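Residues per chain, in single letters:
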Amino acid sequence: MKKVRIKELVEKIEGEAELEFDFVDGVIDNVEINFGFYRGIEEILQGRDPMDALVITPRVCGICNHAHLIAAVTAIEDGYKNGGLEFELSNKAKYIREFTLSCELIQNHAKWFYITIIPQLEALLGVASGQNHPLKANYISTTITKALAIFAGQWPHSSYVVPGGVTCDPTYLEVVQADSLIDEVIRFFEQVVVGIDMQTYLGIDTYNQLNTLEGDFGRVLHLLRSSALATLGQSHDRFIVLGESSLAPRGKAVATTVSNVDLRYVAESEQKGSKAKAAHYKGKFYEVGPLSRAMLAKRGLIKSLHKRHKDSIFSRIFARIDEIALLLQRAKQILHLLSLDEPSCVLDMKKKPQNFSGSGAVEAARGSLLHRLVVEDSKIKNYDIITPTQWNLSCNSKEETGIAIKAMQGLKGTDEAKFVFRTFDVCSVCTTQ
Amino acid sequence: MGKKPKIIWLQSITCNANAHSFLNHPNLFSILSHFSLQYHPVLETSYGLKDLSELKVPCDILIIEGAIREEGWKKNDIEVAQMIRHYATRASYIITVGTCATFGGIFKQKDPKKISGFCFDNDKKTFRYDLYKEKLISLPGCPIHPEWLSYLLLMIQSKKKIPLDGMHRPRELYGYTVHNGCTRNEYFEWKVDTPGFGHKEGCLFYEQGCQAPYTHGSCNKILWNDVSSKTRIGTPCFGCTEPNFPKQNFFQTETNMGIPAQMPLGVPKRAYLMLAGVAKSFKIKRFSQTLLEYDE
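Just so you know, these numbers come straight off a predicted model, no measurement behind them. (Residues numbered from 1 in each chain as written. Chains lettered and ligands numbered in written order. Predicted model: local features only at pLDDT ≥ 70, side-chain atom pairs only at ≥ 80, totals over all residues.)

Looking now at the domain arrangement of chain B. Residues and elements named next belong to chain B. Each assigned domain of chain B is listed with its residue range as follows: domain 1 (6-173) and domain 2 (176-286). Placing a centre on the C-alpha atoms of domain 1 and another on those of domain 2 gives a separation of 30 Å. Listed as interface residues are 16 residues of domain 1 and, on the opposing side, 12 residues of domain 2. Going through the elements one at a time, helix H5 (98-103) and helix H6 (105-108) are the ones with two or more residues in the side of domain 1 that touches domain 2. Residues belonging to the side of domain 1 that touches domain 2 are distributed by class as follows: 6 nonpolar, 7 polar and 3 charged. (Domains from an automatic or database assignment. Contact = placed C-beta atoms within 7 Å. Helix = DSSP H or I, 4+ residues; strand = E, 2+ residues; numbered from the N terminus. Nonpolar A, V, L, I, M, F, W, Y, C, P; charged D, E, K, R; others polar.)

Next comes the structure, spelled out in structure tokens:
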């Protein structure tokens, strides 16, 4: 038995990570994932007014800041309700929140696809297209965050969501402008990403029909399938969704068997050698993210894909780009449903409980994001953030192999392994906060 | 500097939002075509972090993102502060992007004695100031607006003189207050408060904590994502470009006897009180009404 240890730096993942690969007889046996940059956002929040979390927590992450904002407000609202305050958000506020969060997810997925996946895949397979892929990411991101900013004022780092609703009070001038921007991104998706029109794309429900896809997504799927990369990266085949959204119900799944979850069983534990904490549910690791959402939503096409490739990188990559289409369709629908005569915010900021504890889960780009806080005498006593990457990129526990580690086991080279690692859409800053 | 100035974008204690904000520049790649991007935390570049940490990457413009601590923040086994020192000494320009890199910002709060901005620690100069003041440009903001940085880079590239204030901020960007251009200005003039969050009408300065009248920045001149700003959509300005960001209680105005504790930039309290008194003595119907109603 020949053992070799190789240390590699993975960069441009919203920071960096260090991977230590243990090879046994030429195959990866184990990997240690180390994130070194603990910044202490949870500590910074202690002693502050709970509303300050709406400004501070988005600063956890430059790419998914909006999800942190919505998780923070959801946790505070949950706390208010636990503290005896009764209120019901207007549909208008709910829809606007869902719209802006959807825009952030689209922004993220487009950047991951065009800045990370395509260039890395081209490099791995030696099939450079010579195209400026980041330019496409820039176009989608710029256009979709403009739609977001119409309601949220700015991206990154908006704080427009407050307990009881949202601060904006849009007119149809804004709604029409946002709708037109969504149309623009749909047009780009049709012409450049998939090469077919949106309705035809959304009508695809079997694996074999994927051959009809063209565009950059069609090309990537073809490259994955023809290079035998498609089946790599399988993990525990366990999925969890903690947030409630139109994308998927809350729940967990082992392969295709779905069951309920209770947020109280979500816990974190320290990891040796890493500043990141591992997240688990009743001691077990689950994958979070677009693939988990699609599995919980029982999306026919993804189930068909999963039947063939399980939780491989093919399924993982597919689900994330597929989600762009679902989100764009939903964004159009939301704008249509918006009724502007409803109140934007139903709470008076002067009337709020002074002692409470609450938790809020949202579906962020990379998966379930959970914020929990305890407030005493109107000050934050404790604030706890559990990010999606803490689920996907945890090290091994005594009982189990981490999700991403299991996905890399058995591979023969570090380049291949690093590509598998990146299919989880790694975010270093979120992992360590 | 050669024909295409060489840029290194180096990150210290950060959330990456300045990098992502800049990636949202609509003309990003035409701007970058005037430069050689040596290292960037997101985009593909000719050098990697390994080269950067071996201190061998040529650099004309050093962009620093994130707060600084001298020890205890390593990348690839080298202190980031040491890397920054190396490139800062060699660069012709140093741009601190974001409030963390400029003044310390949010991430300073974790360990205020050891973490600061590069040349400023809140509004005090750090020991580095004298070493680098000749080439220092401050671009505070949490995060920066993409146009602020592109303006600066293109001014440098075309060898134009950039007027700076005492904290090395470009006057053309920070000579304004965020209040300048706010769509709620009429309500400020007549001292009409907003009825609460979620309204187009009313000013956020009196109760909601808006810091725009004394915050340096052009958020309501150069709109965010080309369309809006915090105050336009009813969120108070949090003063994120200022040396003392982040303050406490962002959504409440600190008051003394019902008067905002901090005055609009450069306005004497006496002048403010006199005008406010006059404005408040008139009840103007239009300002107490909603701008428009949607019928059921």
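Now that the structure has been shown, the text picks up again.
Next up on the list: helix H4 (residues 91-125) of chain A. Residues and elements named next belong to chain A. For H4, with 35 residues, the first-to-last C-alpha span of 48 Å sits near the 51 Å given by 1.5 Å per residue. With respect to burial, H4 is a largely interior element, 27 of its 35 residues being buried. Directly after H4, the chain includes Gly 126, whose backbone phi takes a positive value near 65°. (Expected span 1.5 Å × (residues − 1). Buried ≥ 20, exposed ≤ 12 C-beta atoms within 10 Å, placed from the backbone.)

So, on to helix H4 (residues 80-90) of chain B. Taken as a whole, H4 of chain B has its buried residues at Val 80, Met 83, Ile 84, Tyr 87 and Ala 88 of chain B. The arc enclosing the buried residues of H4 of chain B, seen along the axis, measures out at 125°, which places them on a common side. (Arc of directions from axis to C-beta.)

The next subject is the sheet that holds strand S2 (residues 36-39) of chain B. Residues and elements named next belong to chain B. Strand order in the open sheet formed by 5 strands is S2-S1-S3-S7-S11, and the pairing between neighbours is parallel. Edge positions in the open sheet fall to S2 and strand S11 (136-139), since each of these has one partner strand only. Averaged over all neighbouring strand pairs, the angle between strand axes comes to 20°, with direction disregarded. Inspection of the sheet shows strand S3 (residues 61-65) paired to strand S7 (residues 93-97) by 5 bridges, in the parallel sense. By the bridge assignment, Glu 65 is partnered in S7 with Val 97. (Pairing = 2+ DSSP bridges. Axes fitted to C-alpha atoms, helices over the stretch in contact; angles between N-to-C directions.)

The subject of this paragraph is the confidence of the model for chain B. The predicted model of chain B has a mean per-residue pLDDT of 96, with 99% of residues at 70 or higher. ipTM for the predicted complex: 0.97, alongside a pTM of 0.98. (pLDDT = per-residue confidence, 0-100.)

Right, let's get into the packing of helix H6 (residues 172-194) of chain A against helix H8 (residues 215-226) of chain A. Residues and elements named next belong to chain A. Axis separation between H6 and H8 bottoms out at 3 Å; the angle between their running directions is 35°. Of H8, the residues touching H6 (which contributes Val 192, Val 193 and Val 194) are Gly 215, Asp 216, Phe 217 and Gly 218. The residue inventory of the contact of H6 with H8, partitioned by class, reads 4 nonpolar, 2 polar and 1 charged.

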